[in-house]
Amino acid sequence: GDQVEQSPSALSLHEGTDSALRCNFTTTMRSVQWFRQNSRGSLISLFYLASGTKENGRLKSAFDSKERRYSTLHIRDAQLEDSGTYFCAAIIASSSFSKLVFGQGTSLSVVP
Amino acid sequence: GGIITQTPKFLIGQEGQKLTLKCQQNFNHDTMYWYRQDSGKGLRLIYYSITENDLQKGDLSEGYDASREKKSSFSLTVTSAQKNEMAVFLCASSFGQGGNTLYFGEGSRLIVV
């Protein structure tokens, strides 16, 4: 079954509002990465976390350090250019090779 | 900085045809990956390679071949294109043998007629 469950699958935000995306993992993960897919199709890495939280401008991500079973991406003061599809991907703690397992993505639309 | 270049951007072929996608990176990364992205779904790993001439199967390797001719290039071949294979194929690379940040190309869209 799916090891990375991303929610919501789609989200519409008004400019200036805040929201959070979430990834739940069905097993313990070693680390998590968040990506945004731009209009050209390329995935841009936003955060790489082995534990704790990281912040970059209006984006902040957290990875549950205790159970290692979920991660969140917070968007503050959403802007039109934040629109796109966001993916989380995680590495299974028990895997011999650090292979990323991807969620299905959250399609974010920021409207005026 | 570096860049990952995928060619072609669009690949149109007939059912049953053998089709090849190419990927070049100038990051000097060790590991390279090929992912497939179907509409509305996440990425699934087809093949990866941790060094020149190395090949490892991912979750979706059946129907595909790959080749890591040199450190900077990784190609993917669809051995017999099928209409249900129309998807976007994304190449990525990373330092070390996995576990580090992935950098992606812009994707190649496969169209089977």
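Computed from a prediction, not measured in an experiment: that's the story for all the values here.

Thresholds applied
Residues numbered from 1 in each chain as written. Chains lettered and ligands numbered in written order. Predicted model: local features only at pLDDT ≥ 70, side-chain atom pairs only at ≥ 80, totals over all residues. Heavy atoms only, no water. Helix = DSSP H or I, 4+ residues; strand = E, 2+ residues; numbered from the N terminus. Rg over C-alpha atoms; globule rule 2.2 N^0.38 Å. Buried < 20%, exposed > 50% of the residue type's maximum accessible area, 1.4 Å probe, protein only. Contact = heavy atoms within 4.5 Å. Areas by Shrake-Rupley, 256 points an atom, 1.4 Å probe, with all protein chains shown as cover. Salt bridge = Lys/Arg side-chain N within 4 Å of Asp/Glu carboxyl O. Buried area = accessible area lost by both parts, 1.4 Å probe. Nonpolar A, V, L, I, M, F, W, Y, C, P; charged D, E, K, R; others polar.

Digging into the overall build of chain B
Argument step 1. Helix and strand counts for chain B come out as zero helices and eleven strands.
Argument step 2. Its C-alpha atoms give chain B a radius of gyration of 13 Å, within 12% of the compact-globule value 13 Å for 113 residues.
Argument step 3. When the backbone C-alpha atoms are referred to their principal axes, chain B occupies close to 40 × 25 × 20 Å.
Argument step 4. A total of 113 residues make up chain B; the buried ones form 50% of that total.
Argument step 5. Sequence separation of at least 24 residues holds for 54% of the intrachain contacts in chain B that already meet a minimum separation of 6.
Argument step 6. Split by element, the accessible area of chain B, about 5300 Å² in all, is 46% carbon and sulfur.

Quick word on the environment of A:Gln104
All names here are of chain A.
Argument step 1. If you trace the backbone, Gln 104 turns up in the loop between strand 10 (100-102) and strand 11 (106-111).
Argument step 2. By relative accessible area, Gln 104 is classed as partly exposed at 31%.
Argument step 3. Distance in space between the C-alpha atoms of Gln 104 and Ser 83 is 16 Å, their sequence separation being 21 residues.

Let's talk about the pattern of salt bridges
Argument step 1. The final tally for this structure, using the stated rule, is six salt bridges over all chains.
Argument step 2. In this structure, B:Asp38 engages B:Arg36 in a salt bridge whose closest nitrogen and oxygen atoms are separated by 2.9 Å. Residue B:Asp38 shares its accessibility class with B:Arg36, and that shared class is buried.
Argument step 3. A salt bridge links B:Arg44 to B:Asp38; its shortest N-O distance comes to 2.8 Å.
Argument step 4. Each of the salt bridges in this network shares a partner with another, and the network as a whole consists of A:Arg40, B:Lys9 and B:Glu106.

So, the interface of chain A and chain B
Argument step 1. Every contact between the two is made by 18 residues of chain A and, on the other side, 23 residues of chain B.
Argument step 2. Carbon and sulfur atoms make up 57% of the area that chain A and chain B hide from each other, which totals about 1600 Å².
Argument step 3. Joining chain A to chain B, the criterion identifies one salt bridge.
Argument step 4. A salt bridge links B:Glu106 to A:Arg40; its shortest N-O distance comes to 3.5 Å.
Argument step 5. At the level of secondary structure, the elements contributing two or more residues to the side of chain A that touches chain B comprise strand 4 (29-37), strand 5 (43-49), strand 9 (84-92) and strand 10 of chain A.
Argument step 6. Across the side of chain A that touches chain B, the residue classes tally to eight nonpolar, eight polar and two charged.

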